[in-house]
Amino acid sequence: MLFKKNAENDGSENFTEILIDGSLNGALGLAINDIDGDGDLDIFATAFNGGSVVWYENNGSQSFTKSTIATLGAAYDVRVNDLEGNGEFFHEDKGEPDLSWIAYVVAEK
């Protein structure tokens, strides 16, 4: 998984690739939000192969710390929201074996 950053930030369409994780096999779902309330956008992702649901905590300066949140038979999608407006973020993962949604509190502000 990588993102492309406009290197000059001047509209010149010169982009630099920033690698986040080269081992997330079959990356499929993606959600971006400030999960830990530090002002940096964090990333949740799913991997179809291996069924991983992972959180990449943004440490600033384009550096991320990976945490595996769940392992399913296969993971298709992820959503991350503060469902109750109280600073507690939940993630919902859709995957096999039962194709149900699973929700967990991942961080509190």
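Whatever comes next refers back to the structure up there.
Keep in mind that what you see is a predicted model, and the values were worked out from it rather than measured.

> Outline the overall build of the protein, listing residues and values.
In terms of regular secondary structure, the protein is built from zero helices and nine strands. If you list the helices and strands of the protein from N to C, you get β-β-β-β-β-β-β-β-β. Within the protein, buried positions represent 37% of all 109 residues. Considering only intrachain contacts with a sequence separation of at least 6, the fraction spanning at least 24 residues in the protein is 25%. Here the protein has roughly 6,200 Å² of accessible surface; of this, 45% comes from carbon and sulfur atoms.

> I'd love a proper account of the nonpolar core, names of residues and values included.
Judged by nonpolar contacts, Ala31, Ile35, Phe44, Val53, Trp55, Ala70, Leu72, Ala75, Val78 and Val80 together constitute the single largest core of 10 residues. At the level of secondary structure, the elements contributing two or more residues to this core comprise strand S5 (52-60) and strand S7 (74-81). Considering each element in turn, this core owes the most residues, three residues, to S7. Counting residues in each nonpolar core, the second largest holds eight residues, with Ile20, Ala45, Val54 and Phe64 among its members.

> Describe a nonpolar patch on the surface, naming the residues involved and giving the relevant values.
The grouping of Leu30, Ile32 and Leu41 at the surface amounts to a nonpolar patch, some 300 Å² of accessible area in total. Mapped onto the secondary structure, leucine 30 falls in strand S3 (residues 27-33).

> Give me the lowdown on the pattern of salt bridges, citing residues and values where you can.
Under the definition given, this model contains one salt bridge. The residue lysine 66 makes a salt bridge to aspartate 21 at a minimum N-O spacing of 2.9 Å. With lysine 66 in strand S6 (residues 63-71) and aspartate 21 in the loop between strand S2 (15-19) and S3, this pair connects stretches of sequence that are 45 residues apart. For aspartate 21, a relative accessible area of 8% corresponds to the buried category.

> Describe the layout of surface pockets, naming the residues involved and giving the relevant values.
The volume enclosed by the largest pocket comes to roughly 180 Å³. Lining the largest pocket are 13 residues, with Phe3, Ile20, Leu41, Ile43 and Phe64 sitting closest to its centre. Those elements that provide at least two residues to the lining of the largest pocket are strand S1 (2-6), S3 and S5. The residue inventory of the lining of the largest pocket, partitioned by class, reads nine nonpolar, four polar and no charged.

The rules we used
Residues numbered from 1 in each chain as written. Predicted model: local features only at pLDDT ≥ 70, side-chain atom pairs only at ≥ 80, totals over all residues. Heavy atoms only, no water. Helix = DSSP H or I, 4+ residues; strand = E, 2+ residues; numbered from the N terminus. Buried < 20%, exposed > 50% of the residue type's maximum accessible area, 1.4 Å probe, protein only. Contact = heavy atoms within 4.5 Å. Areas by Shrake-Rupley, 256 points an atom, 1.4 Å probe, with all protein chains shown as cover. Core = buried A, V, L, I, M, F, W, Y, C linked by side-chain atoms within 4.5 Å. Patch = residues over 30% accessible without salt bridge, like charges linked within 9 Å, V, L, I, M, F, W, Y side chains within 5 Å. Salt bridge = Lys/Arg side-chain N within 4 Å of Asp/Glu carboxyl O. 1 Å grid on protein atoms, 1.4 Å probe; cavity = no way out; pocket = protein on both sides within 12 Å on 5 of 7 lines; lining within 4 Å. Points joined across faces, edges and corners; volume = space filled by probe spheres on them. Nonpolar A, V, L, I, M, F, W, Y, C, P; charged D, E, K, R; others polar.

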